[in-house]
Amino acid sequence: MTDSHKQCAFEEAIVSEVSTSKEAGAGEPVRRRRVSRRTVLQFAVAGVAAGAIGFGSGRLTAPGAELPDWTSADIPSQVGRRMVVTGGNGYPREGRSGLGYHQALALAAAGADVTIASRNRERGEEAVRRIRAAAPDATVRFESLDLTDLASIEEFTSRMTEAGGSLDLLVNNAGVQGRLEREETADGVERVFATNARGTFALSARLLPLLRNGTDPRIVWTASSRVGSIDFDDLQKERDYDYGGAYDDTKLGSILMALECERRSKAGGWGITSVVVHPGVCRTNIVLDGPGVDTPEGWRFQYVPFLWQDPAVGALPALYAATSPHAAGGAYYGPKQMQGLSGLPGFAVLPESARDVALAERYWGTLEDLAGVSFG
Ligand SMILES: NC(=O)c1ccc[n+]([C@@H]2O[C@H](COP(=O)([O-])OP(=O)(O)OC[C@H]3O[C@@H](n4cnc5c(N)ncnc54)[C@H](OP(=O)(O)O)[C@@H]3O)[C@@H](O)[C@H]2O)c1
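This section reports on the structure supplied with the text. Note that the structure is a prediction, hence the values are computed from the model and not measured.

Turning our attention to the pattern of salt bridges. Think of it this way: side chains of opposite charge can pair up when their charged atoms draw near. Enumeration according to the criterion identifies 21 salt bridges in this entry. Across the pair Arg-121 and Glu-125 runs a salt bridge whose closest N-O atoms are separated by 2.8 Å. Here the residue Arg-121 and the residue Glu-125 both occupy positions in helix 4 (residues 121-134), the gap between them amounting to four residues, near one helical turn. Arg-121 sits in the partly exposed class, given a relative accessible area of 44%. For Glu-125, a relative accessible area of 40% gives the class partly exposed. Between Asp-249 and Lys-237 there is a salt bridge whose closest N-O contact spans 2.5 Å.

Here it is, written out as structure tokens:
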């Protein structure tokens with residue numbers, strides 16, 4: 001078996017695991033190995049680092065099996081492919097441009113026609129300017145999109161439809177962390193839920209007809225190494241708001257949406273591959289725009305910068321999911337080192353709750369109602 005065959009076989013195993021909800025490794029003989037002092041030390045350092053990065057009420061998911069090393073140099077030609085990446089910003093401060101910027105840069109450099117769809121025109125256009133400077137042949141543009149505003153989503157998708165009849169890739173990258181105090185959108189929806197869950201879902205539903213016309217069309221959803229739970233009685237945290245919980249719950253939601261999308265695509269013959277990724281822990285603007293510096297996250301952001309990986313590396317799981325011919329529908333990819341917090345892409349382990357098909361179906365139905373859209 002070649003490496004790529006082994007990889008495909010493993011990815012098929014992962015996908016069947018998703019659809020059967022089978023426990024990873026169940027029924028396999030337990031093998032005991034001698035553990036060296038060095039390994040113990042490495043695990044201890046990784047554990048302390050994971051704890052230091054801080055995951056409050058959320059639950060960390062550890063990485064699973066490994067993929068062969070894969071970097072942006074492995075991206076195949078994307079010439080002729082039309083793509084949307086949500087949330088891309090160029091920050092004047094070195095190293096703080098977000099994951100969407102790095103994804104758009106790599107995709108445009110590989111020849112794709114990329115639209116960065118984001119809420120802040122100035123930062124989005126700065127991302128475009130930087131990409132053109134780094135890759136002069138890049139086809140990249142900015143389009144205004146506010147995921148908290150259903151009308152803005154509708155306008156954006158109308159503009160995309162007028163400009164072309166098909167779409168080959170949607171990277172649902174845009175997302176926010178909660179701020180210290182609960183905030184609501186103009187139409188009265190909690191801000192984190194409105195952005196990460198309702199808006200992302202509505203956008204994907206509205207772009208579905210274009211994606212169904214695409215070639216090898218894919219949707220990449222963005223989760224987090226830290227996930228929460230879904231409380232249908234308080235989805236918008238009216239009773240019990242905390243900024244970490246608001247974020248973590250929507251990140252479990254991202255995995256549920258991705259896997260449900262994959263199941264529905266297969267059942268409905270949409271031809272769309274749905275994959276979910278997380279970037280590990282990256283030094284972007286999300287903490288400063290979210291809970292801010294006067295929080296444990298802010299403290300770590302300022303004073304323990306070595307724990308945060310370069311967003312260009314954090315962008316790789318999404319780039320793998322978006323472009324690799326081996327990326328599998330229903331798979332979950334994330335960094336493969338430091339307990340899944342940094343490094344090149346590997347398989348991430350699905351949290352147990354993300355395997356709950358009934359939960360995903362209910363979440364999907366709730367979002368259809370709240371967003372006023374339906375997939376299909
Ligand atoms: N950084 C990490 O360690 C980490 C870890 C796990 C998961 N993630 C996920 O990775 C994704 C990218 O985050 P990042 O770290 O790159 O942070 P970021 O630099 O703050 O990027 C988030 C992007 O989303 C955009 N955005 C926010 N609200 C929006 C809205 N209402 N409509 C449209 N766009 C909106 C932001 O726009 P502006 O440019 O206007 O701010 C920004 O471009 C997010 O989904 C995040 O949850 C990040």
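It is worth spelling out empty space enclosed by the protein at this point. Applying the stated criterion across every chain, the model contains three cavities of 30 Å³ or more. Empty space within the largest cavity amounts to approximately 60 Å³. Lining of the largest cavity is provided by Phe-193, Ser-229, Ile-230, Asp-231, Asp-234, Leu-235, Lys-237, Asp-249, Thr-250 and Tyr-363. Of the residues contributing to the lining of the largest cavity, the split by class is four nonpolar, two polar and four charged. For the second largest cavity, the calculated volume is near 50 Å³. Forming the walls of the second largest cavity are Asn-172, Ala-174, Asn-196, Thr-200, Trp-221, Thr-222, Lys-251 and Ser-254. Among the secondary structure elements, those contributing two or more residues to the lining of the second largest cavity are helix 6 (191-212), strand 6 (218-222) and helix 7 (243-268). Broken down by class, the residue content of the lining of the second largest cavity amounts to two nonpolar, five polar and one charged.

It is worth spelling out the packing of helix 6 against helix 12 (residues 357-371) at this point. Taken N-terminus to C-terminus, the directions of helix 6 and helix 12 make an angle of 85°; their axes are 9 Å apart at the nearest point. By the criterion of interaxial angle, the relationship of helix 6 to helix 12 is roughly perpendicular. Listed contacts from helix 12 to Phe-193, Ala-197, Arg-198, Phe-201 and Ala-202 of helix 6 are Tyr-363, Trp-364, Leu-367, Glu-368, Leu-370 and Ala-371. When grouped by side-chain class, the residues that make up the contact of helix 6 with helix 12 number nine nonpolar, no polar and two charged.

The subject of this paragraph is the sheet that holds strand 5 (residues 169-172). With mixed pairing, eight strands are arranged side by side in an open sheet as 4-3-2-5-6-8-9-10. This sheet does not close on itself; its edge strands, each paired only once, are strand 4 (139-144) and strand 10 (342-347). Going across the sheet, the axis of each strand differs from the next one's by a mean of 25°, ignoring polarity. Summarising the sheet, strand 8 (residues 273-277) and strand 9 (residues 332-337) pair through two bridges and their orientation is parallel. The residue bridging Val-276 from the neighbouring strand is Tyr-332, located in strand 9. Running over the sheet, helix 6 touches strand 2 (82-86), strand 5 and strand 6 and is turned about 175° from strand 5.

Here is what the cut-offs are and how they apply
Residues numbered from 1 in each chain as written. Predicted model: local features only at pLDDT ≥ 70, side-chain atom pairs only at ≥ 80, totals over all residues. Heavy atoms only, no water. Salt bridge = Lys/Arg side-chain N within 4 Å of Asp/Glu carboxyl O. Helix = DSSP H or I, 4+ residues; strand = E, 2+ residues; numbered from the N terminus. Buried < 20%, exposed > 50% of the residue type's maximum accessible area, 1.4 Å probe, protein only. 1 Å grid on protein atoms, 1.4 Å probe; cavity = no way out; pocket = protein on both sides within 12 Å on 5 of 7 lines; lining within 4 Å. Points joined across faces, edges and corners; volume = space filled by probe spheres on them. Nonpolar A, V, L, I, M, F, W, Y, C, P; charged D, E, K, R; others polar. Axes fitted to C-alpha atoms, helices over the stretch in contact; angles between N-to-C directions. Parallel < 35°, antiparallel > 145°, perpendicular 65-115°, else oblique. Contact = heavy atoms within 4.5 Å. Pairing = 2+ DSSP bridges.

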